[in-house]
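# Coordinate inspection notes
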Amino acid sequence: MRDRSPSRFELVGTWRLRSWDSVFDDGSVGYVMGEAPVGFIVYTADGTMITTISAAGRPRIDGNDPVGGPDDQRLAALETFIAYSGTYHIDGPDVIHDVAISLYPNWVGESQRRHAAVSDSGRTLTLSTDPVVVRGRPSIQRLVWERVRD
């Protein structure tokens, strides 16, 4: 089975994160959100995309205030979660996420290019980045998704 660039039609649906690894410039591999992150990415037919990714087993924050709690616990929650949404379009073999809202405010108004490959069966989607700095080290981020539903 070989991978190929997806069409917009093939992206439409809900995808569950299977893996996310970081390939560093020295060839070593790391895991930004641990070895078993959880997440979803959704592509709609009208061009909307939404993604949320979390480290598994995140600790709870003391209290019942979703915007309160101890600073150290809120920082830990922020460091173990990524969420953004906006629109998307296909550019050759890449999918471009045009970010409208993001937990990381620096991405708002920016475009996130992802090199995309879908398996022949259409059940697996691999998205990867150009080299980026994550946790102080240049690396290529590689995320593998499995289709949940069309």
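This text goes with the structure placed above it.
Counting residues in hydrophobic clusters, the biggest one holds 21 residues, and the most contacted among them are Y43, L125, L127 and W145. Elements with a contribution of two residues or more to this core: β2 (13-24), β4 (38-43), β5 (48-54), β6 (81-91), β7 (94-102), β8 (111-119), β9 (124-128) and β11 (137-149). When residues of this core are assigned to their parent elements, the largest contribution, 3 residues, is made by β2. Setting aside anything within four residues of it in sequence, one finds Y43 in contact with L11, V12, G13, W15, T48, M49, Y88, V95, H97, L125 and L127.

On to the packing of aromatic side chains. Here the structure, examined in full by the defined rule, presents 3 aromatic pairs. An angle of 85° between the planes, with centres 5.2 Å apart, marks the rings of Y84 and W107 as edge-to-face. Placement of the pair is Y84 in strand β6 and W107 in the loop between β7 and β8, with a sequence separation of 23 residues. In this structure Y84 comes out as buried when scored by relative accessible area, which is 7%.

What follows is about the environment of G109. As for its placement among the helices and strands, G109 is situated in the loop between β7 and β8. Along the sequence, G109 and R16 sit 93 residues apart, while their C-alpha atoms lie 25 Å from each other.

Once that is clear, we can look at the pattern of salt bridges. For the structure on display, the rule yields 6 salt bridges. R16 is paired through a salt bridge with E146; the nearest N and O atoms lie 3.8 Å apart. One end of the pair, R16, is in strand β2; the other, E146, is in strand β11, and 130 residues separate them in sequence. With a relative accessible area of 30%, E146 lands in the partly exposed category. In this structure, R74 engages D71 in a salt bridge whose closest nitrogen and oxygen atoms are separated by 3.0 Å. With R74 and D71 both in helix α2 (residues 71-79) and 3 residues apart, the pair spans about one turn of that helix. Given a relative accessible area of 57%, D71 falls into the exposed group. One network of salt bridges, with partners in common, ties together D91, D94 and R113.

Attention now moves to the side chain of S85. Relative to the helices and strands, S85 is located in strand β6. Apart from residues no more than four positions distant in its own chain, S85 is found in contact with M49, I50, D98, V99, A100 and I101.

Topologically, R147 is positioned in strand β11. Those residues in contact with R147, other than ones at most four positions away along the chain, are E10, V12, G13, T14, W15, G122 and R123.

Looking at the element boundaries, T51 is found in strand β5. Between the C-alpha atom of T51 and that of Y84, which follows or precedes it by 33 residues, the distance is 5.6 Å. Not counting the four nearest positions on each side in its chain, T51 is found in contact with F40, I41, I82, A83, Y84 and W145. One polar contact links the side chain of T51 to the main-chain carbonyl oxygen of F40, over a distance of 3.1 Å.

So, how was this worked out
Residues numbered from 1 in each chain as written. Predicted model: local features only at pLDDT ≥ 70, side-chain atom pairs only at ≥ 80, totals over all residues. Heavy atoms only, no water. Core = buried A, V, L, I, M, F, W, Y, C linked by side-chain atoms within 4.5 Å. Buried < 20%, exposed > 50% of the residue type's maximum accessible area, 1.4 Å probe, protein only. Helix = DSSP H or I, 4+ residues; strand = E, 2+ residues; numbered from the N terminus. Contact = heavy atoms within 4.5 Å. Phe/Tyr/Trp six-rings, centres within 6.5 Å; stacked < 30°, edge-to-face > 60°. Salt bridge = Lys/Arg side-chain N within 4 Å of Asp/Glu carboxyl O. Polar contact = N/O pair within 3.5 Å; in protein donor to acceptor, adjacent residues only side chain to side chain.

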